[in-house]
Amino acid sequence: MNKHIERIQRSSKLGLWSSVALAIASGLFVWISPWQFRQNATVANGMLIAGAILAVGAVSMALLVIRKRIPQLRLTDNLDPKLQGYADHIHHLYSSLAIVVAALCAMTVLSGQSTLLMLTLVTTLMLVLAYPNMYKIKSDLGLSGDEMRQLFGDKYLDNDAQ
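Residues numbered from 1 in each chain as written. Predicted model: local features only at pLDDT ≥ 70, side-chain atom pairs only at ≥ 80, totals over all residues. Heavy atoms only, no water.

> What is the right way to read the overall build of the chain from this model?
The helix and strand tally for the chain stands at six helices and zero strands. Secondary structure elements of the chain occur, N-terminal to C-terminal, as α-α-α-α-α-α. Against the compact-globule benchmark of 15 Å for 162 residues, the chain has a radius of gyration of 19 Å, which places it well outside the compact range. Seen through its principal axes, the chain has C-alpha atoms that stretch 65 × 30 × 25 Å. Here the chain, with 162 residues, has 40% of them falling under the buried criterion. A sequence separation of at least 24 residues applies to 74% of the contacts in the chain between residues at least 6 apart. When the accessible area of the chain is evaluated, it comes to approximately 9,300 Å², of which 63% is carbon and sulfur surface. Taken together, the 14 basic and 10 acidic charged side chains of the chain have centroids lying 11 Å from each other. (Helix = DSSP H or I, 4+ residues; strand = E, 2+ residues; numbered from the N terminus. Rg over C-alpha atoms; globule rule 2.2 N^0.38 Å. Buried < 20%, exposed > 50% of the residue type's maximum accessible area, 1.4 Å probe, protein only. Contact = heavy atoms within 4.5 Å. Areas by Shrake-Rupley, 256 points an atom, 1.4 Å probe, with all protein chains shown as cover. Lys, Arg positive; Asp, Glu negative; His and termini not counted. Charge placed at Lys NZ, Arg CZ, Asp CG, Glu CD.)

So, in structure tokens, the structure goes:
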């Protein structure tokens, strides 16, 4: 079971911090770099529209997947399949949104549209808000205090145990 927790933590950290690093790097490139890629107005506007559709679509789909998948996982009886499903869910969510952030950063750099950077940051914020710490895992999966102590040991502070 610890391998599932490690996979959850590894996938979420890698997806979140790579997205943050890409967003910062592309923002610095657009604002500070002496090199600039210039497109004609049609291509730049097309990239802006495509990036907006990509960002809104990715965040919407992520929210819909979270809304559908988490209740399904809560209904699973055993802890191991519940953790396996949650680890797969987090891995797919964070890797797909990191790819979307990378595409948005590429569009930002190539088009010079700083508005795309805003959409990149909104997508990255989605990763921050969905970040699975131990208490969010407990809430998402509906775990008991005993199951949490089994998974996290002394790191888990149970408010219900008096």
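> Sorry, what's going on with the packing of helix H2 (residues 41-74) against helix H5 (residues 134-141) here?
In a packed pair of helices, the relevant descriptors are the angle between the two axes and the axis-to-axis distance. The interhelical angle for the contact between H2 and H5, taken along N-to-C directions, is 75 degrees, at an axis separation of 8 Å. Relative to H5, H2 is oriented roughly perpendicular. Where H2 abuts H5, its residues Ile 70, Leu 73 and Arg 74 lie against Ser 139, Asp 140 and Leu 141. Within the contact of H2 with H5, the residues separate by chemical class into three nonpolar, one polar and two charged. (Axes fitted to C-alpha atoms, helices over the stretch in contact; angles between N-to-C directions. Parallel < 35°, antiparallel > 145°, perpendicular 65-115°, else oblique. Nonpolar A, V, L, I, M, F, W, Y, C, P; charged D, E, K, R; others polar.)

> Got a minute to help me understand a nonpolar patch on the surface in this structure?
Side chains of Ile 24, Leu 28, Trp 31 and Ile 32 sit close together on the surface and give an oily, nonpolar patch of about 490 Å² of accessible area. Relative to the helices and strands, Ile 32 resides in helix H1 (residues 2-32). (Patch = residues over 30% accessible without salt bridge, like charges linked within 9 Å, V, L, I, M, F, W, Y side chains within 5 Å. Salt bridge = Lys/Arg side-chain N within 4 Å of Asp/Glu carboxyl O.)

> Help me understand the nonpolar core in this model?
The nonpolar side chains of a soluble globular protein tend to be buried with one another. Counting 33 residues, the largest nonpolar core has Tyr 86 and Phe 152 as its most contacted members. Sorting the residues of this core by element identifies H1, H2, helix H3 (79-111), helix H4 (114-129), H5 and helix H6 (145-152) as the ones contributing at least two each. At 11 residues, H3 tops the list of elements feeding residues into this core. (Core = buried A, V, L, I, M, F, W, Y, C linked by side-chain atoms within 4.5 Å.)

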